[in-house]
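# Examining the three-dimensional arrangement
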Amino acid sequence: MTNDRPTRRPKSARDNAEALFKAPKPTVSEPAPRRATVPGAKEMVTLRIDSEVLAYFQDGGPGWQDRINEVLRQAVSAPVDEGLRSNELNSSNDG
């Protein structure tokens, strides 16, 4: 008995289900527009700091996040050491 049709590999139920889904089309979306910020508004961020630093600020009671913000604000406005540029500052430079 001769079979003129080419032999096909039987499809599994999974192969049949996968065939029903279309391949996703790559989309290039534009970045979300920046929202207008309210002057003085604070932004929520996630920050990793040493546990000793966190304990120091939390020991002062409520308002510890505001105290951290104030210290960071002072650090930003402080002049940078003449020997190091701001992009060179890291923990390996600590004395």
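Just so we're clear, the structure is a prediction, and the values are computed from it rather than from any experiment.

Calculation rules
Residues numbered from 1 in each chain as written. Predicted model: local features only at pLDDT ≥ 70, side-chain atom pairs only at ≥ 80, totals over all residues. Heavy atoms only, no water. Helix = DSSP H or I, 4+ residues; strand = E, 2+ residues; numbered from the N terminus. Buried < 20%, exposed > 50% of the residue type's maximum accessible area, 1.4 Å probe, protein only. Areas by Shrake-Rupley, 256 points an atom, 1.4 Å probe, with all protein chains shown as cover. Patch = residues over 30% accessible without salt bridge, like charges linked within 9 Å, V, L, I, M, F, W, Y side chains within 5 Å. Salt bridge = Lys/Arg side-chain N within 4 Å of Asp/Glu carboxyl O. Phe/Tyr/Trp six-rings, centres within 6.5 Å; stacked < 30°, edge-to-face > 60°. pLDDT = per-residue confidence, 0-100. Axes fitted to C-alpha atoms, helices over the stretch in contact; angles between N-to-C directions. Parallel < 35°, antiparallel > 145°, perpendicular 65-115°, else oblique. Left-handed = near helix turned anticlockwise from the far one by under 90°. Contact = heavy atoms within 4.5 Å.

Below, the discussion takes up the overall build of the protein chain. Counting secondary structure elements, the protein chain contains 3 helices and 0 strands. Starting at the N terminus, the α and β elements of the protein chain follow one another as α-α-α. Within the protein chain, the fraction of its 95 residues that count as buried is 2%. Just so you have it, the protein chain exposes about 10400 Å², and 53% of that area is on carbon and sulfur atoms.

Residues Val45, Leu47, Ile49, Val53 and Leu72 make up a contiguous nonpolar surface patch of about 440 Å² in total accessible area. For valine 45, the location among the structural elements is in the loop between α1 (13-20) and α2 (51-58). A relative accessible area of 61% means that valine 45 is categorised as exposed.

Time to look at the packing of aromatic side chains. The tally for this structure, following the rule as stated, stands at 1 aromatic pair. Taken together, a centroid distance of 5.2 Å and an interplanar angle of 85 degrees make the contact between tyrosine 56 and phenylalanine 57 edge-to-face. By relative accessible area, phenylalanine 57 is classed as buried at 11%.

Below, the discussion takes up the pattern of salt bridges. The final tally for this structure, using the stated rule, is 1 salt bridge. A salt bridge links lysine 42 to aspartate 66, with the shortest nitrogen-to-oxygen separation between them at 3.0 Å. Residue lysine 42 is found in the loop between α1 and α2, and its partner aspartate 66 is found in helix α3 (residues 64-77); the two are separated by 24 residues along the sequence.

What follows is about the confidence of the model for the protein chain. In regions of low pLDDT, the predicted coordinates are not meant to be interpreted in detail. Averaged over the protein chain, the pLDDT score is 78; the fraction of residues at 70 or greater is 71%. No element of the protein chain has a lower mean pLDDT than α1, which averages 80, and none a higher one than α2, which averages 94.

Here we take up the packing of α2 against α3. Between α2 and α3, whose axes approach to 8 Å, the crossing angle comes to 115 degrees. If you check the angle between α2 and α3, you find them roughly perpendicular. Here α2 and α3 pass one another in a crossing that is right-handed. Contacts between α2 and α3 involve Leu54, Phe57 and Gln58 from the first element and Trp64, Arg67, Ile68 and Val71 from the second.

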